[in-house]
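# Inside the fold
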Amino acid sequence: MSREHLDELLGQASAMDRAPAKVALLEEAVRECDTLGDAELAFDVRQELISEATHCGYYEKALVAFTWCLAEYDRNPTVCHPYRLLWQYKWIAGHLPRFVEVSREQITSMQDDMERRYQQMGFSLRPVEMQRSENAIIMGDLAAAEQSHSAWQSLPRDGLADCPACEEDLHIEFLIFADRDAKATKAFGKLLKKNLTCSDVPQRTYGKVIRSQMRLNRSDDARQTCQTGYPLARNNAMFLSQVSEYLLYHVRERDASAGSRMLERHLAWALTTTDASAKLRFCVAVGLLCELLTKQDATCKLRLPREFPLFSDDGVYETAKLHDWFAQQADNLTARFNERNGNDYYTKLMRESQELAKV
């Protein structure tokens with residue numbers, strides 16, 4: 001352990017594009033900082049780790065690093081300007097409900113703490129209400145989502161407001177969640193026409209609006225959305241939920257080959273992610289794919305990762321057994337989310353996916 005080694009790690013990380021390998025290097029750099037006792041640099045490196053981990057889908061790594069930074073800032077407010085910490089708070093608060101083991105009380109507590117800090121610094125509560133709306137969507141609470149959605153859009157923008165692309169993306173997600181599919185698809189068209197973009201939009205928006213297009217039986221639109229949106233999502237694990245919607249679309253179209261290729265490519269993401277809501281969506285879609293495969297043959301040939309509990313060396317799988325495994329995963333997660341959220345939203349979501357796949 002040495003400062004030279006730390007500098008080498010940071011140099012390697014700075015030269016890399018956003019990728020899981022960069023996250024791993026930053027994690028190693030954090031451990032090196034802690035060993036050397038350099039708290040100020042440990043804070044800065046963790047700030048970078050939070051950003052990279054969030055945008056690579058490693059939300060649990062971002063949460064751990066952010067919790068440390070928040071505690072360090074409370075102990076020593078001179079360690080950084082609070083602006084960056086408050087900006088990252090939006091990412092953390094927005095992903096907390098995706099951890100099924102996190103209680104509603106803990107989620108509410110973090111939202112309230114975020115609000116308190118924004119108020120203390122004199123910033124608009126627009127981002128706070130935006131995150132409350134997103135959290136309510138994840139937890140299937142329509143009344144709370146509507147209330148926060150209205151509050152969010154009525155509050156002024158300032159330096160901590162999300163970019164217009166991110167705001168419009170969440171507005172579209174709210175419309176989809178509220179079953180306002182025609183409005184959602186219209187808003188999506190405006191987003192594209194205005195060329196509202198950022199690092200994650202419209203990549204994630206395509207994979208949301210395709211559900212509205214399927215609900216409205218707009219097959220041509222859904223096909224175009226899948227053809228355009230999937231290539232934008234297929235290389236980043238943070239888009240696992242969106243990939244799941246594309247997989248569901250292929251099941252709906254009875255394209256087992258395309259669905260199987262997605263299963264092969266993205267199962268490793270689902271096995272390792274701590275985003276339980278994304279894993280649930282993926283397992284539901286794969287379960288429906290397996291139903292389709294079962295109708296074609298009792299077995300299928302797939303290249304699945306060795307970490308998969310049913311891994312087969314020869315790549316031959318019984319489709320019924322595959323279906324049962326993924327269905328059990330989906331059922332277990334659905335029950336846990338319903339218990340945590342205090343509603344049956346995820347049961348309804350699973351049933352809707354089943355109905356969409358039957359067309």
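Described in the following lines is the structure provided in the data block. (Residues numbered from 1 in each chain as written. Predicted model: local features only at pLDDT ≥ 70, side-chain atom pairs only at ≥ 80, totals over all residues. Heavy atoms only, no water.)

Here the focus is the packing of aromatic side chains. Counted by the stated rule, this structure contains 14 aromatic pairs. A centroid spacing of 4.9 Å and a plane angle of 85° characterise the contact between W325 and F326, whose relative ring orientation is edge-to-face. Accessibility classification places W325 together with F326 in one group, the buried group. Through a chain of ring-to-ring contacts, three or more aromatic side chains come together here, namely Y83, W87, Y118 and F123. Positioned above the aromatic ring of Y58 is the side chain of K61, whose terminal nitrogen or guanidinium carbon lies 5.7 Å from the ring centre. (Phe/Tyr/Trp six-rings, centres within 6.5 Å; stacked < 30°, edge-to-face > 60°. Buried < 20%, exposed > 50% of the residue type's maximum accessible area, 1.4 Å probe, protein only. Lys NZ or Arg CZ within 6 Å of the ring centre and 35° of its normal.)

Pairing is possible between side chains of opposite charge, provided their charged atoms come close. This model, assessed by the stated rule, comprises 37 salt bridges. Linking R215 and E352 is a salt bridge whose minimum nitrogen-to-oxygen distance equals 3.1 Å. Linking R215 in helix α11 (residues 203-215) with E352 in helix α17 (residues 345-358), this pair joins segments that are 137 residues apart in sequence. When its relative accessible area of 22% is taken as the criterion, E352 is described as partly exposed. Between R281 and E245 there is a salt bridge, and its shortest N-O distance comes to 3.5 Å. In this pair, R281 sits in helix α15 (residues 276-296) while E245 sits in helix α13 (residues 240-252), placing the two residues 36 residues apart along the sequence. (Salt bridge = Lys/Arg side-chain N within 4 Å of Asp/Glu carboxyl O. Helix = DSSP H or I, 4+ residues; strand = E, 2+ residues; numbered from the N terminus.)

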